Amino acid sequence: PFRPLIRDYFDRDPKAQWTAAPKPLMCDQSYNLDFWKVTEEERCKRMLDDYWYCTRESEVFFDAADCNLIGDVMFVQHSMTTNVSGIRWLKRHFAPKGIEVRALHF
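Residues numbered from 1 in each chain as written. Predicted model: local features only at pLDDT ≥ 70, side-chain atom pairs only at ≥ 80, totals over all residues. Heavy atoms only, no water.

Enquirer: What is the right way to read the overall build of the protein chain from this model?
Expert: The helix and strand tally for the protein chain stands at 3 helices and 3 strands. Starting at the N terminus and ending at the C terminus, the protein chain contains elements arranged as α-α-β-β-α-β. Taking 106 residues into account, the globule formula puts the C-alpha radius of gyration at 13 Å, and the protein chain, at 16 Å, lies well above it. Projected onto the principal axes, the alpha-carbon positions of the protein chain cover approximately 55 × 30 × 20 Å. Within the protein chain, the proportion of its 106 residues that are buried is 25%. With the model as given, the accessible surface of the protein chain reaches about 7800 Å², and the carbon-plus-sulfur share is 57%. (Helix = DSSP H or I, 4+ residues; strand = E, 2+ residues; numbered from the N terminus. Rg over C-alpha atoms; globule rule 2.2 N^0.38 Å. Buried < 20%, exposed > 50% of the residue type's maximum accessible area, 1.4 Å probe, protein only. Areas by Shrake-Rupley, 256 points an atom, 1.4 Å probe, with all protein chains shown as cover.)

Quick look at the structure:
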C-alpha cells in the first residue's frame, strides 16, 4: 500500500532517493535454530550477557522499529530483528549522507 505513495514522492521530487534494503533469504542458516530450545531464563541470560539472538550474522537483518534518527545520528538497537550485519549495512549506507549510526545494546 505504500509503494504508490513512495513512487509519487519520487516522481515529484528530483532530489528524492528510493533505496531498497537487502532482502534476507530467511532460510535455516539465517537463524539460530537452538534459540528456542533453551529455557527462557537461559535465553534471557545469553541475550543480556552475549547478545545472543535468534538471527545469525550470515545475512543482513534490521527492522526500522529498532532505528531512531535524531539530527545526524541514528541510534540502532541490536535486537531479535536487527543483527550486527544489519547495523553494519546501515552504517555503510548512511555514512556518505553524513549520518552517524550508533549501535545500542540493552
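Enquirer: What is the right way to look at the pattern of salt bridges in this model?
Expert: Side chains bearing opposite charge may pair, as long as their charged atoms lie close to each other. As enumerated under the stated definition, the model contains 6 salt bridges in all. Between Glu42 and Arg46 there is a salt bridge; the shortest N-O distance is 3.8 Å. Here Arg46 and Glu42 lie together in helix H2 (residues 40-50), a separation of 4 residues that amounts to about one turn. Among the residues examined, Glu42 registers a relative accessible area of 32% and is labelled partly exposed. The shortest N-O distance in the salt bridge between Asp49 and Lys45 comes to 2.8 Å. (Salt bridge = Lys/Arg side-chain N within 4 Å of Asp/Glu carboxyl O.)

Enquirer: Hey, could you run me through the environment of Lys91 in this one?
Expert: Mapped onto the elements of the fold, Lys91 is located in helix H3 (residues 84-94). C-alpha separation for the pair Lys91 and Val76, spaced 15 residues apart in sequence, amounts to 9.9 Å.

Enquirer: I keep staring at the nonpolar core and nothing clicks. Help me out?
Expert: If you look at soluble globular proteins, the nonpolar side chains tend to sit buried side by side. Among the nonpolar cores identified, the biggest contains 7 residues, and these are Met74, Val76, Ile87, Leu90, Phe94, Ile99 and Val101. Those elements giving two or more residues to this core turn out to be strand S2 (73-77) and H3. The biggest single contributor to this core is H3, with 3 residues. With near-sequence residues (within four places) excluded, Met74 lies in contact with Cys67, Asn68, Leu69, Phe94, Ile99, Glu100, Val101 and Arg102. (Core = buried A, V, L, I, M, F, W, Y, C linked by side-chain atoms within 4.5 Å. Contact = heavy atoms within 4.5 Å.)

Enquirer: Is there a simple way to explain the pairing of strand S3 (residues 100-104) in this structure?
Expert: Each regular strand carries side chains that alternate between the two faces of the sheet. Note that S2 and S3 share 5 bridges and pair parallel. Within S3, the position partnered with Phe75 by the bridge is Arg102. Taken together, S2, H3 and S3 form a β-α-β motif whose crossover is right-handed. (Pairing = 2+ DSSP bridges. Right-handed = clockwise from strand over helix to strand, strands pointing away.)

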